[in-house]
Amino acid sequence: MTKEEAEQLLGKLFGEMYDEIFQFALAYLRNKQLAEEAVQEVFYQAWCHADTLAEHENKRGWIYNAAKNEIMKIRSKEARVLKYETLTGEFLQKPGSEDAYDFLVLDEFSHMVNAEQMELLKSRYQDRNTYAEMAEDFGKSEGACKMALSRIRRRIRDLMDRAGKREREQGNDREEK
């Protein structure tokens, strides 16, 4: 397939299907920006696989299938982000926020970590230290500080996951009685 033929095919499909693929994505994603990103990615994939698409007997089906796959990928990513923010609080993702609530949230985790781990958390999220500053303060490499914080965040998420699961199970037990 020549470049001109690919452009002609994709131009035709884009013109015919953009609005319906956008509405399809919007119905599932419920976010205009994410739906637009999904449609852009679908037509980018169509461009990258123009030869395959040109030979496909159901071009509309190919486009819808690509849209479905992209929607699922975006929803999965969004679910992970939402779960992470819910379980750990935004302060663990965005060091340097001006929110005074960060310290109170940080204290909520004190029973989940040991004293050294709490000091690392406070250094990064309360004192707003860079990894280089933390490495100097704690006598570790920057990589070791990053890894330690990653493990601490994972531990907090895991503990909160377990606590949430126990609460759900207890709630189900109460409903059954």
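Higher on the page you've got the structure.
Report follows, based on the coordinates. In this text, all values refer to a predicted model and were calculated from it rather than measured experimentally. (Residues numbered from 1 in each chain as written. Predicted model: local features only at pLDDT ≥ 70, side-chain atom pairs only at ≥ 80, totals over all residues. Heavy atoms only, no water.)

## Here we look at the overall build of the protein
Line of reasoning, step 1. Helices and strands together make up the secondary structure of the protein, namely 8 helices and 0 strands.
Line of reasoning, step 2. Tracing the protein from N to C terminus, the helices and strands come up as α-α-α-α-α-α-α-α.
Line of reasoning, step 3. Of all 177 residues assigned to the protein, the portion counted as buried reaches 31%.
Line of reasoning, step 4. Accessible surface, the protein: about 11,900 Å² in total, of which carbon and sulfur atoms supply 47%. (Helix = DSSP H or I, 4+ residues; strand = E, 2+ residues; numbered from the N terminus. Buried < 20%, exposed > 50% of the residue type's maximum accessible area, 1.4 Å probe, protein only. Areas by Shrake-Rupley, 256 points an atom, 1.4 Å probe, with all protein chains shown as cover.)

## With respect to the packing of aromatic side chains
Line of reasoning, step 1. In total, this model carries 5 aromatic pairs according to the counting rule given.
Line of reasoning, step 2. Taken together, a centroid distance of 5.0 Å and an interplanar angle of 45° make the contact between phenylalanine 14 and tyrosine 18 tilted. Pair noted here: phenylalanine 14 and tyrosine 18 are both in helix H1 (residues 3–29), with a separation of 4 residues, about one helical turn.
Line of reasoning, step 3. Their ring planes at 80° and their centres at 5.2 Å tell us that phenylalanine 24 and tyrosine 64 sit as a pair that is edge-to-face. (Phe/Tyr/Trp six-rings, centres within 6.5 Å; stacked < 30°, edge-to-face > 60°.)

## Remarks on the pattern of salt bridges
It is possible for side chains of opposite charge to pair when their charged atoms get near one another.
Line of reasoning, step 1. Going through the model one piece at a time under the given rule, you end up with 4 salt bridges.
Line of reasoning, step 2. Put simply, glutamate 16 and lysine 12 hold a salt bridge, and the shortest N to O gap is 3.4 Å. Pair noted here: glutamate 16 and lysine 12 are both in helix H1, with a separation of 4 residues, about one helical turn.
Line of reasoning, step 3. For glutamate 16, a relative accessible area of 42% puts it in the partly exposed group.
Line of reasoning, step 4. Accessibility expressed as a relative area gives 51% for lysine 12, which makes it exposed.
Line of reasoning, step 5. Taking the shortest distance from any N to any O, the salt bridge between lysine 73 and glutamate 70 comes out at 3.3 Å. On the criterion of helical spacing, the pair formed by lysine 73 and glutamate 70 is a turn pair, its members being 3 residues apart in helix H4 (residues 59–88). (Salt bridge = Lys/Arg side-chain N within 4 Å of Asp/Glu carboxyl O.)

## What about the nonpolar core?
Line of reasoning, step 1. Among the nonpolar cores identified, the biggest contains 24 residues, and Leu29, Leu53 and Ile63 are the most heavily contacted of them.
Line of reasoning, step 2. It is H1 that contributes the most residues to this core, 9 residues altogether.
Line of reasoning, step 3. With sequence-adjacent residues up to four places away left out, leucine 29 is seen in contact with Leu34, Ala35, Ala38, Ile71, Ile74 and Arg75. (Core = buried A, V, L, I, M, F, W, Y, C linked by side-chain atoms within 4.5 Å. Contact = heavy atoms within 4.5 Å.)

## Some remarks on the packing of helix H6 (residues 115–126) against helix H7 (residues 131–138)
Line of reasoning, step 1. Where H6 meets H7, the closest approach of the two axes is 10 Å, and the angle between their N-to-C directions is 145°. As H6 packs across H7, the resulting crossing turns out to be right-handed. Judged by residue contacts, Glu119, Leu120, Ser123 and Arg124 of H6 engage Tyr131, Met134 and Phe138 from H7.
Line of reasoning, step 2. Split into classes, the residues belonging to the contact of H6 with H7 amount to 4 nonpolar, 1 polar and 2 charged. (Axes fitted to C-alpha atoms, helices over the stretch in contact; angles between N-to-C directions. Left-handed = near helix turned anticlockwise from the far one by under 90°. Nonpolar A, V, L, I, M, F, W, Y, C, P; charged D, E, K, R; others polar.)

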